[in-house]
Each structure stands twice: as structure tokens, then as C-alpha cells.
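Architecture at a glance
Single-letter residue listing:
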Amino acid sequence: MDVKEIDVRSLSSSNRHTLPYVHKVGVPPKQNPWKEFSATLKETFFADDPLRSFKDQSRSRKFVLGMQAVFPILDWGRNYNLAKFKGDLIAGLTIASLCIPQDIGYSKLANLAPQYGLYSSFVPPLVYAFMGSSRDIAIGPVAVVSLLLGTLLQNEIDPTKNAVEYRRLAFTATFFAGITQAILGILRMGFLIDFLSHAAVVGFMGGAAITIALQQLKGFLGIKEFTKKTDITSVMKSVWGSAHHGWNWQTIVIGATFLAFLLFAKYIGKKNKKLFWVPAIAPLISVILSTFFVYITHAEKRGVQIVKHIEKGINPSSVNQIYFTGDYLLKGLRIGIVAGMIALTEAVAIGRTFASMKDYQLDGNKEMVALGAMNVVGSMTSCYVATGSFSRSAVNYMAGCQTAVSNIIMSFVVFLTLMFITPLFEYTPNAILSSIIISAVIGLIDYEAAILIWKTDKFDFVACMGAFFGVVFASVEIGLLIAVSISFAKLLLQVTRPRTAILGKIPRTNVYRNILQYPEATKVPGVLIVRVDSAIYFSNSNYIRERILRWLTDEEEQLKRAGLPKIQFLIVEMSPVTDIDTSGIHALEELYRGLQKRSVELVLANPGPVVMDKLLASGFTSLIGEDKIFLTVADAVLTCSPKFAEEV
């Protein structure tokens, strides 16, 4: 492909004969606007080229590939064998022993009856096993989403006085959570969840863990009258307000004993990775032992609160319970979008973590479609929002799972539990469920990550702590709002206030670098070299122009005090400038005119193809002169200050 080039001429006829060859700046060939737009669109939404495998295939083969894309089980299922099944069987049984007691506890966080937690570990994992692409993720209710859903729902409907309407709104929110997730995946807009920064997620999860643990004090201490607010101030007032007459010592003994047992089991699992099954099976053992103890001692007659009745049987249909009209439709939509996004963020993060550990690719958009489909189906089968659980996924991974069949095994065990075993949970004390949840959410407090964030980026730490304290001292939704707001604020700050730097020459090289990073770098007499570390858009163009002029003013003041020659050339290093819009070009024009008044010449170094094309189209290259645009800073200095170049 032919490349048009701009001749680079010397800036003065007197030194033209002394200059060695100076490279020319390449100009990209003109592109078809439609092709350029199509390429940009493809790179934005189809960067992974998902249709690559469909090229040059027959219709029947395309149909098979399409079915495999929607249902990955049809692809990997062909190579499934007994060896893989053994690993999946052990993993499925192990995570089932962990999920059953957790599900009963998490349903209480969502202010729903215990069976709804079990329902959500029966149908959604089955759907995900057929549509999901992660081999390791374990599906079911999780603590943070359960708390978030319960908090948002009870702000609209009292779960005690209007249990039926509350449950219907929960199914409606779950339906719209699934629709949100599926739409994001189908439209390939998964990048939206990346707007919630890692630091904000760490703070939000940590705050949610504290809030969840505080909520469990009701069951742990045997308190009957407890606040419905989630902030730490209200919870502690409720706890200490009932200290003299509301606490039950038998409940505290049960809760504390088994909490110590669960934490000890976790410690053993951490110390010896081969004993991963100990913390996995500990919750089920705790439930069995505590239930048996309450049954033989009739501790429920001494004030120990128990689970009581759990409905027997598999999920009933809830299609006719979803609000498709009326006032609760919009409320369900709003709650569903929030819960769906948080569930999506958690699941995709977990999936990517384990995919990288096993070195396989995870398609985030396919995951969103799978998660969305399972929640839509779940909402129609009496489930509430399910997603990937980190604790269960970690156990699933360590237990040696090979494929998503481990989710099917877990689902089958939950099915047997719903059909035959639920009556045995009648005497399970609430204290043991509280202990299980407390031990589970402790792992969400990632203080090591918070310390690393503090050492790495102070602004990220502000986002982390803002989300944390927002959840702990206000509410889950306020903490989430703070997390999103600070993430956007950081993004806007980086876009509107990009970094710029003064460059100097590294000794014995032709390399020019930031003089703050390389103090030994020397400035060029009469020349100021400024690097712009960002694309130049309407949002930052004026700031960049003003910042460059401020650099020039500061430099001239220093030179004046030192009695040195004034600046004659301002070289703008544009290698990091990936793009520029009309506002950016206008700012460069204003910069050029401002420099003319100061008798300073504007020089550009290494503009990229996109930038160069726009500078040509706008006529800016003609304005400053084509001989003022160079391939490198070294070429620009060689022309602007040949004496300096010869000396060094």
C-alpha cells in the first residue's frame, strides 16, 4: 500500500547543508468512512471476533456451531469421560454439602422462607451447566446479593405483613435481573460492568460482609425484636438495647461453639490444601449436630429459635406471580437492574479468576447470557437472584471439578434434599445458620487487597474506603452508589486532567524521557519538549493547551532568573496521543497563535496515523507548516537546535 509522506525541511537555510537525513512522518491512506466506522464498531463490540469459526462453513455446520455457542455443553460434552465424571462427582457432592446450609441462611438475608434458597440452588445451576462456559464456577444464592435484594425489597414492601406481595416482587426483580444480564451479553456490552473499579468492589464487598455479619447478631444472640435497618449504628443500638432482656444464653452457647468449630475448620483448610473438604463439609456437620442437640434437649422450649417448617417438594411455578403490570413493575425493574449488575460483576470476576488459574478462555458475553437465562428461568420457578459463589467455586476448584457437571451433581443433591430431607431441618437452630453465614462472609473482607491498594494508588484507596464506609454506616444501596460515583469520578478526572511531562535527553543516547523520572536527563537550550499522555478530546483540550502554556511560562521564568536564552521552540511529543477531535485541533490552533505572540515556534513530534490524518484534513499541517512535523523528538531537536545535537 502506497504511503504518502511529508517532506521535512530544515527550519533555516543557514544550517540546511549541515543536517543529516531526517526521517519523514508517514500519512495513512484515505479510508472509506463506512469501512472505518464498521472497523471501529467491530473493535468496540466484537473485539474477540466471535463469528470467526463460522467462516467458510456449510449451513449444517454453521447450525451446529451456533447451537454449541449457545449451549457449550454440546461442544465439551462430546469428549466427556468417566475420569472427568469422577472429579465432577466428588466436587458436586462437596459443594452440595456446603450449599444446603448456606442456602437456608442466605434466604433469611433476602427475607424469604428457607426453601427459596434451596430452590435457587436447584434450577439455576442446571440451566447454567448447559449454557455457561466456566468449568469451575458454582451457582447459587450468595450473601451480598441476598442482602442487597432483601434491603431493596423491604424498602418497598414489608416482608412480614405482606409476605405474598414481597415474594412476588422478589420474583419480578429476579426476572428483570436476568433480562438485564442477558441483554448486556447479547448486545455485547459487558464492558459496562468494568466501570465499577476493583478498588470499589473490594470496599463494597468488605462493607457488605460487615453488614451481613452484624445482621446475624439477631439469630446469634437469640434477639426477637431487631431493627430492619442495616447501618452499624442502628444495629448496635438494637443489640445493646435488648442486652438485658432479649439475649438468650443457650442460643449464644450454640452459636459461639459452632462458630469456633467452623473457623477452626477454615483454618485447617488454609493450612493444608489437601484438607479442603474439611471447611466444605463443616457447615453440614454443624447443622446435623446442632439440630440433633436441639431435638433431644427441646432447647426450643427454652427460647432457642429454630427454623421450623420448610416446605417439601421441588420448585413450584411462579410465572403468574411476576408483576408484568402495575406500580410494582417499575420497582421490580429498578431493583432487578441493580441486583443483576452486582451479581454479574461477582460472577464474571470469579469465572475469570479460575479460568486464568486453569489457563482457558472465558467469554464474558456468553457468561452474561447464561447467567441471564438462568435467572429468567429461575424467576419462573420460585427462585431469587442466583450467581457465582466465590466460596463454593473455590471448593469446587480444589475438589477437582473438571466441567460444569459438578453443578448438575449439586443440583441433584439439592433435589433429593427438597424431596425427602427438608422435614429434618425443622429443629435446626437459627444460631447455627447465623454462625455459618458469619464464617462465610469473613472471607469477603480482603484487608490484604486494601493494603495493596493503599500502597499502589491513593485515589483507589479513597474509592475503596468510600464504598466500605458507605455500606457500613449508611446502607448497601448508598455504599453501592458511592462506589459507582467514585469510580466515575476517577475516570472523569483521568480523562479531563491527563498527565503531561517535560522531556530531557538521556546522556549518550538519542532518547528523550521525563526529567522527573530521569533526573540525569538534560534539557535542550532554547527548546521546551512537552509530552501529552492522553488522547486530546473536547473534555481535556483546553486543559492541555493551558497546561502546556503554563509549562512554558514556568520555564521562561527560570531561564530569565538564570540569565539564559529564551525558549524559541516548543516541541509537543505526541506518541501517546492516540486520537484527537475537532476541539483538540482547535486547542492546538489556539496554542499555535498564543506561541506566535511569544515568538515561539510550535513543533510536533511523532503524531500517530489517526491524529495525522485529522491534522491534514483540518488544514492544521498547512497552518504550522509541514516542516514542523517530525518522526521523533530527536529529529525535531536535530533541526531546531543543531548546535546542541552536534555537541552531545
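Residues numbered from 1 in each chain as written. Predicted model: local features only at pLDDT ≥ 70, side-chain atom pairs only at ≥ 80, totals over all residues. Heavy atoms only, no water.

**Some words on the overall build of the chain**
Within the chain, the regular secondary structure consists of 27 helices and 10 strands. For the C-alpha atoms alone, the extent of the chain along its principal axes is close to 105 × 70 × 55 Å. The 648 residues of the chain split such that 51% are buried. Excluding contacts between residues fewer than 6 apart, the proportion of contacts in the chain whose partners are at least 24 apart in sequence is 80%. Accessible surface, the chain: about 31,100 Å² in total, of which carbon and sulfur atoms supply 62%. Averaging the coordinates of the 63 positive side-chain charges in the chain and doing the same for the 50 negative ones gives two points 5 Å apart. (Helix = DSSP H or I, 4+ residues; strand = E, 2+ residues; numbered from the N terminus. Buried < 20%, exposed > 50% of the residue type's maximum accessible area, 1.4 Å probe, protein only. Contact = heavy atoms within 4.5 Å. Areas by Shrake-Rupley, 256 points an atom, 1.4 Å probe, with all protein chains shown as cover. Lys, Arg positive; Asp, Glu negative; His and termini not counted. Charge placed at Lys NZ, Arg CZ, Asp CG, Glu CD.)

**Quick notes on the packing of aromatic side chains**
Per the stated rule, a full pass over the model turns up 15 aromatic pairs. Here Phe-354 and Tyr-397 contribute two aromatic rings whose centre-to-centre distance is 5.3 Å and whose plane-to-plane angle is 45 degrees, an arrangement assigned as tilted. With Phe-354 in helix α14 (residues 327-358) and Tyr-397 in helix α16 (residues 390-398), this residue pair connects regions lying 43 residues apart in the sequence. By relative accessible area, which is 26% here, Tyr-397 ends up partly exposed. Ring centres of Phe-468 and Phe-469 lie 5.2 Å apart, and the angle between their planes is 80 degrees; on these two criteria the pair is classed as edge-to-face. Judged by its relative accessible area of 42%, Phe-469 is partly exposed. An aromatic cluster of at least three residues, connected via ring pairs, comprises Tyr-116, Tyr-119 and Phe-171. (Phe/Tyr/Trp six-rings, centres within 6.5 Å; stacked < 30°, edge-to-face > 60°.)

**Some details on the sheet that holds strand β7 (residues 527-532)**
Strand order in this open sheet of six strands is β6-β5-β7-β8-β9-β10, and the pairing throughout is mixed. Only two strands of the sheet have a single partner each, and these edge strands are β6 (512-514) and β10 (629-630). Across five bridges, strand β8 (residues 569-573) lies against strand β9 (residues 601-605) in parallel orientation. Across the sheet, Phe-569 pairs through a bridge with Glu-601, a residue of β9. (Pairing = 2+ DSSP bridges.)

**A closer look at the packing of helix α9 (residues 198-215) against helix α19 (residues 447-456)**
Two elements in contact, α9 and α19, have axes separated by 10 Å at closest approach and are oriented at 145 degrees. When you trace α9 past α19, the crossing you get is left-handed. Here α9 contributes His-198, Ala-199 and Val-202 to the contact with α19, which in turn contributes Ala-449, Ala-450 and Ile-453. (Axes fitted to C-alpha atoms, helices over the stretch in contact; angles between N-to-C directions. Left-handed = near helix turned anticlockwise from the far one by under 90°.)

**Looking at the pattern of salt bridges**
The full count for this structure, using the stated rule, is 15 salt bridges. Between Glu-156 and Lys-331 there is a salt bridge, and its shortest N-O distance comes to 3.4 Å. Of the two residues, Glu-156 sits in the loop between α7 (143-154) and α8 (163-186) while Lys-331 sits in helix α14, which places them 175 residues apart along the sequence. Residue Glu-156 is classed as partly exposed on the basis of its relative accessible area of 25%. With its nearest N and O atoms 3.6 Å apart, the salt bridge here joins Glu-556 to Arg-598. Remark: Arg-598 occurs in the loop between α23 (582-597) and β9 and Glu-556 occurs in helix α22 (residues 541-562); sequence separation between them is 42 residues. The class of Arg-598 is partly exposed, set by a relative accessible area of 29%. Where salt bridges share partners, they join Glu-156, Lys-331 and Arg-334 into one cluster. (Salt bridge = Lys/Arg side-chain N within 4 Å of Asp/Glu carboxyl O.)

**As for the side chain of Arg-188**
With respect to the helices and strands, the residue Arg-188 is situated in the loop between α8 and α9. With a relative accessible area of 11%, Arg-188 lands in the buried category. Not counting chain neighbours up to four residues away, the residues in contact with Arg-188 comprise Phe-45, Phe-46, Asp-48, Pro-50 and Asn-365.

**A word on α16**
Those residues of α16 not exposed but buried are Arg-392, Ser-393, Ala-394, Val-395 and Asn-396. Close packing links the buried residues of α16 with α4 (82-109), β3 (138-140), α13 (277-297), α14, β4 (387-389) and α17 (405-421). Once α16 finishes, Gly-400 follows within two positions and takes phi at roughly 95 degrees, a positive value.

**Details of a nonpolar patch on the surface**
On the surface, a cluster of nonpolar side chains totalling about 420 Å² of accessible area is made up of Phe-191, Phe-195, Val-484, Phe-488, Leu-491 and Val-495. Along the chain, the position of Phe-488 falls in helix α21 (residues 476-496). (Patch = residues over 30% accessible without salt bridge, like charges linked within 9 Å, V, L, I, M, F, W, Y side chains within 5 Å.)

**Re the UniProt feature "domain: STAS" (unreviewed entry) in the chain**
In the numbering adopted here, UniProt assigns the feature "domain: STAS" (unreviewed entry) to residues 517-640. Strand forms 15% of residues 517-640 and helix 49%; the C-alpha atoms that close the span are 24 Å apart. (UniProt positions renumbered as here; feature names shortened; annotations may be inferred.)

**So, the nonpolar core**
Counting residues in each nonpolar core, the largest one holds 102 residues, and the members touching the most others are Leu-149, Phe-204, Ile-212 and Ile-342. Beyond its immediate chain neighbours, meaning those up to four positions away, Ile-212 contacts Leu-109, Ala-143, Val-144, Leu-147, Ile-437 and Val-441. Counting residues in hydrophobic clusters, the runner-up holds 37 residues, among them Ile-502, Ile-515, Leu-559 and Val-600. (Core = buried A, V, L, I, M, F, W, Y, C linked by side-chain atoms within 4.5 Å.)

**Digging into the pairing of β7**
With six of six residues buried, β7 lies mostly within the body of the structure. Of the two faces of β7, the one holding Val-527, Ile-529 and Arg-531 and the one holding Leu-528, Val-530 and Val-532 are both buried throughout. Pairing between strand β5 (residues 500-505) and β7: three bridges, direction antiparallel. By the bridge assignment, Thr-500 is partnered in β7 with Val-532. Where β7 meets β8, five bridges bridge the pair, whose relative direction is parallel. Across the sheet, the residue bridging to Leu-528 is Leu-570, located in β8. Read as a crossover between parallel neighbours, the route from β7 over α22 to β8 is right-handed. (Right-handed = clockwise from strand over helix to strand, strands pointing away.)

**Overview of the side chain of Ser-541**
Within the fold, Ser-541 resides in helix α22. Not counting residues within four places of it along the chain, the set of residues in contact with Ser-541 comprises Ile-536, Ser-583, Gly-584 and Ala-587.

**A closer look at the environment of Thr-500**
You can see Thr-500 is positioned in strand β5. Sequence-wise, Thr-500 and Tyr-267 are 233 residues apart; in three dimensions their C-alpha atoms are separated by 49 Å. When sequence neighbours within four positions are dropped, the list of residues in contact with Thr-500 reads Val-530, Arg-531, Val-532, Arg-547 and Trp-551. A distance of 2.9 Å separates polar atoms of two side chains, one belonging to Thr-500 and the other to Trp-551. (Polar contact = N/O pair within 3.5 Å; in protein donor to acceptor, adjacent residues only side chain to side chain.)

**As for the confidence of the model for the chain**
Averaged over all residues, the pLDDT of the chain equals 90, while 96% of them reach at least 70. Counting contacts from residues 1-18, a segment whose pLDDT is below 50, to residues more than four positions away or on other chains yields 37 contacts. (pLDDT = per-residue confidence, 0-100.)

**Some points on helix α20 (residues 458-473)**
Under the 1.5 Å per step criterion, the end-to-end length of α20 is 22 Å for 16 residues, consistent within 8% with the ideal 22 Å. For α20, every residue scored as buried is listed here: Asp-460, Ala-463, Cys-464, Gly-466, Ala-467, Gly-470, Val-471 and Val-472. Buried residues along α20 sit against α9, α11 (232-241), α19 and α21. Between a side-chain oxygen at the N-terminus of α20 and the backbone nitrogen of Phe-459 the separation is 2.9 Å; the capping residue is Asp-457. (Expected span 1.5 Å × (residues − 1).)

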